[in-house]
Amino acid sequence: MGLAKRIIPCLDVDKGRVVKGVSFANLRDAGDPVEIARRYDEQGADELAFLDITASAEERDTIVPIIEQVAAQVFIPLTVGGGVRTVQDVRNLLNAGADKVSINTAAVQHPDFVAEASGRFGSQCIVVAIDAKRVAGAERWEVYTHGGRRATGIDAVEWARRMQALGAGELLLTSMDRDGTKSGFDVELTRAVCDAVDIPVIASGGVGHLDHLVEGVVRGHADAVLAASIFHYGEYTVRQAKEHMARHGIEVRW
Amino acid sequence: MTHIAVVDYGMGNLRSVAKAFEYVAPHARVEVTRDPAVVASADRVVFPGQGAMPDCMRELEATGLREAVLQAAREKPFLGICIGLQMLFEWSEEGGVAGLGVLPGKVLRFPSQGMMDADGRKLKVPHMGWNQVYPVIDHPLWRGIATDARFYFVHSYYPEPGRPALVAGYSLYPFAFTCAVAQGNLFAVQFHPEKSQAAGLRLLANFVAWDGAYDGAGAFS
């Protein structure tokens, strides 16, 4: 009895199509976003995340009609991220039907943007996405930006605390080492961040098997788990993922 | 054709609420409005809210919608959602501000101490995600909804009604807190029915069909 751990399928969207790559490269087409969103909703997804990985600003507007279409048919929370830099970007996505907007690179460049956005729209709709990479040979992680291409020198755990202080309502934590590898979450990273903050944390990066979802919650202390490829290619349904988690004593929503 | 006014006082995105009503009531006229006259003439009124309660109260005053909302809350089917529920009470710990005072009671923050789950792990605030809702009265808005259905929550404050009879449902985090209240023509929920898939859509459909009557005598025996 109580709050369920969430399963969040993530749709990487490029120029209006869902794609999936390995470590942010080698993109493969995975289908129509509206159709995929509906399928996950029917399977019992607790939330959906859309990450717009489109490179150019003009093409980025292709995400808005997609969010509008999904929001008219799917009545679960929708988080949208990718290239969000201004208060106007946040407003456009919320108006399109997003419930939460995730901020990544812009948070590093202008931390006050997180405070401004949460002050304007409420912290409940501001998610800060943290891409982190393990520092070789150490039990610490560094924040990366620009889709994992640029190192910042910032410690991920300290950054998580700072983002909470500036008004983030939730954190979306991705291990750059694990993303696309199907070798499971970076459990130590997940746990270090989850235990350092009071706001919910979504674990991301590396899910290749249903046991990984269990690990993220039980050992990583994540409040929600995000995965993409295991769902896109029909390896598992969201329902199967929930059944597996429930078998391991995790509370889920049916 | 029923006319549903969704009160827009400039706080947050009301598109989700409007879309969900359009979905469950395709023949209804759903209007997101800043016009007190529209609120006054609508058949039923939805009062949502996002963000911080002090900002919501300030904007409600600034837009001149306060009186229209107060009147609607007294006389026609009225649904408060999230901060829209919290604003109906007398006072909130968030910013220490006065609410509309339609309902007796106050709004409190989840405590910073003692928030542990059964495994002794610290519970996060905001309370975000899908939690079970337990109805305690037999109300038209609960019809067709399981007695432990999950709804989507995102909030750090919760209501503490001044009269136990107002409580329509509760949830656990980790203690029992009121997540739905009912009084006459008024029903208000802390969770987001517009984001709560089948159970949430059912509650909204029940609201569209509701005549606004509830005599307060529907307690489960």
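Residues numbered from 1 in each chain as written. Chains lettered and ligands numbered in written order. Predicted model: local features only at pLDDT ≥ 70, side-chain atom pairs only at ≥ 80, totals over all residues. Heavy atoms only, no water.

An unreviewed UniProt entry lists chain B under the name Imidazole glycerol phosphate synthase subunit HisH, from Pelomicrobium methylotrophicum. Entered under Pathway (unreviewed entry) in the UniProt record, the comment concerning chain B runs "Amino-acid biosynthesis; L-histidine biosynthesis; L-histidine from 5-phospho-alpha-D-ribose 1-diphosphate: step 5/9." Looking at the Subunit (unreviewed entry) heading of the UniProt record, one finds this comment for chain B: "Heterodimer of HisH and HisF." (UniProt positions renumbered as here; feature names shortened; annotations may be inferred.)

The name given to chain A in an unreviewed UniProt entry is Imidazole glycerol phosphate synthase subunit HisF, with Pelomicrobium methylotrophicum as the source organism. Chain A has a UniProt comment under Sequence similarities (unreviewed entry) that states "Belongs to the HisA/HisF family." Per its UniProt entry, chain A bears the Function (unreviewed entry) comment "IGPS catalyzes the conversion of PRFAR and glutamine to IGP, AICAR and glutamate. The HisF subunit catalyzes the cyclization activity that produces IGP and AICAR from PRFAR using the ammonia provided by the HisH subunit."

## Regarding the overall build of chain A
When its secondary structure is counted, chain A shows 11 helices and 12 strands. A globule of 254 residues ought to have a C-alpha radius of gyration of about 18 Å, and chain A, at 17 Å, matches this closely. With the principal axes as the frame, chain A shows a C-alpha extent of 45 × 45 × 40 Å. Within chain A, buried positions represent 60% of all 254 residues. Counting contacts in chain A only where the partners sit at least 6 residues apart, residues at least 24 apart contribute 66% of the total. For chain A, the exposed area adds up to about 9500 Å²; of that, 47% sits on carbon and sulfur atoms. (Helix = DSSP H or I, 4+ residues; strand = E, 2+ residues; numbered from the N terminus. Rg over C-alpha atoms; globule rule 2.2 N^0.38 Å. Buried < 20%, exposed > 50% of the residue type's maximum accessible area, 1.4 Å probe, protein only. Contact = heavy atoms within 4.5 Å. Areas by Shrake-Rupley, 256 points an atom, 1.4 Å probe, with all protein chains shown as cover.)

## Details of the sheet that holds strand β11 (residues 157-161) of chain B
All names here are of chain B. Read from one edge of the open sheet, 4 strands run β6-β5-β7-β11, paired in mixed fashion. On the outer flanks of this sheet lie β6 (97-98) and β11, each paired with one strand and no other. Two strands pair when backbone bridges link them, and strand β7 (residues 105-109) and β11 are joined in this way by 5 bridges, in the antiparallel orientation. Its bridge partner lying in β11, Lys106 is registered against Glu160. (Pairing = 2+ DSSP bridges.)

## Looking at the environment of A:Pro65
With respect to the helices, strands and loops of the structure, A:Pro65 is situated in helix α3 (residues 63-71). Residues A:Pro65 and A:Gly16, 49 residues apart in the sequence, show an inter-C-alpha distance of 9.0 Å.

## Observations regarding the UniProt feature "active site" (unreviewed entry) in chain A
Residues and elements named next belong to chain A. Following the UniProt record, one finds the feature "active site" (unreviewed entry) at Asp12 and Asp131. One can find Asp12 in strand β1 (residues 6-14). Note on Asp12: relative accessible area 12%, which makes it buried. Note on placement: Asp131 falls in strand β7 (residues 126-134). Among the polar contacts made by the side chain of Asp131, one reaches the side chain of Asn104 at a distance of 3.1 Å. (Polar contact = N/O pair within 3.5 Å; in protein donor to acceptor, adjacent residues only side chain to side chain.)

## A few points about the confidence of the model for chain B
Averaged over every residue, the pLDDT of chain B is 94; residues scoring 70 or more account for 97%. Quick note on the complex model: pTM equals 0.95, ipTM equals 0.93. (pLDDT = per-residue confidence, 0-100.)

## Quick notes on the side chain of B:Asn206
All names here are of chain B. Within the secondary structure layout, Asn206 lies in helix α6 (residues 197-209). On the basis of relative accessible area, Asn206 is assigned to the buried category, the value being 9%. A polar atom in the side chain of Asn206 sits 2.8 Å from the backbone oxygen of Arg143. With residues up to four places along the chain from it excluded, the contact list for Asn206 reads Pro140, Leu141, Trp142, Arg143 and Ile145.

## What to know about the interface of chain A and chain B
Chain A puts 41 residues into the contact, and the matching count from chain B is 31 residues. The largest per-residue losses of area from chain A upon contact with chain B belong to A:Leu3, A:Phe75 and A:Gln124, which jointly make up 26% of the total buried on that side. Where chain A touches chain B, the interface holds 4 salt bridges. For the salt bridge of A:Asp198 with B:Lys122, the shortest nitrogen-to-oxygen distance reads 2.4 Å. Remark: the boundary between chain A and chain B carries 18 residue pairs in polar contact (both at pLDDT 80 or more). Sorting the residues of the side of chain A that touches chain B by element identifies α3, α4 (87-96) and α9 (210-218) of chain A as the ones contributing at least two each. Counting residues per element, the side of chain A that touches chain B draws most heavily on α4(A), which supplies 3 residues. Of the residues that constitute the side of chain A that touches chain B, the class distribution is 21 nonpolar, 8 polar and 12 charged. (Buried area = accessible area lost by both parts, 1.4 Å probe. Salt bridge = Lys/Arg side-chain N within 4 Å of Asp/Glu carboxyl O. Nonpolar A, V, L, I, M, F, W, Y, C, P; charged D, E, K, R; others polar.)

## A few points about the pattern of salt bridges
Opposite charge on two side chains permits pairing when their charged atoms draw close. Across all of its chains, the model carries 24 salt bridges over all chains by this definition. As a salt-bridge pair, A:Glu188 and A:Arg134 come within 3.4 Å of each other at their nearest N and O atoms. Of the two residues, A:Glu188 is situated in helix α8 (residues 187-196) and A:Arg134 in strand β7; the sequence distance between them amounts to 54 residues. A residue is classified by how much of its surface remains accessible, and A:Arg134, at 29% relative accessible area, is partly exposed. In this structure, B:Arg58 engages B:Glu59 in a salt bridge whose closest nitrogen and oxygen atoms are separated by 3.8 Å. Its relative accessible area of 25% is what places B:Glu59 among the partly exposed residues. Here the salt bridges do not stand alone but share partners, grouping A:Arg6, A:Glu47, A:Lys100 and A:Glu170 into one network.

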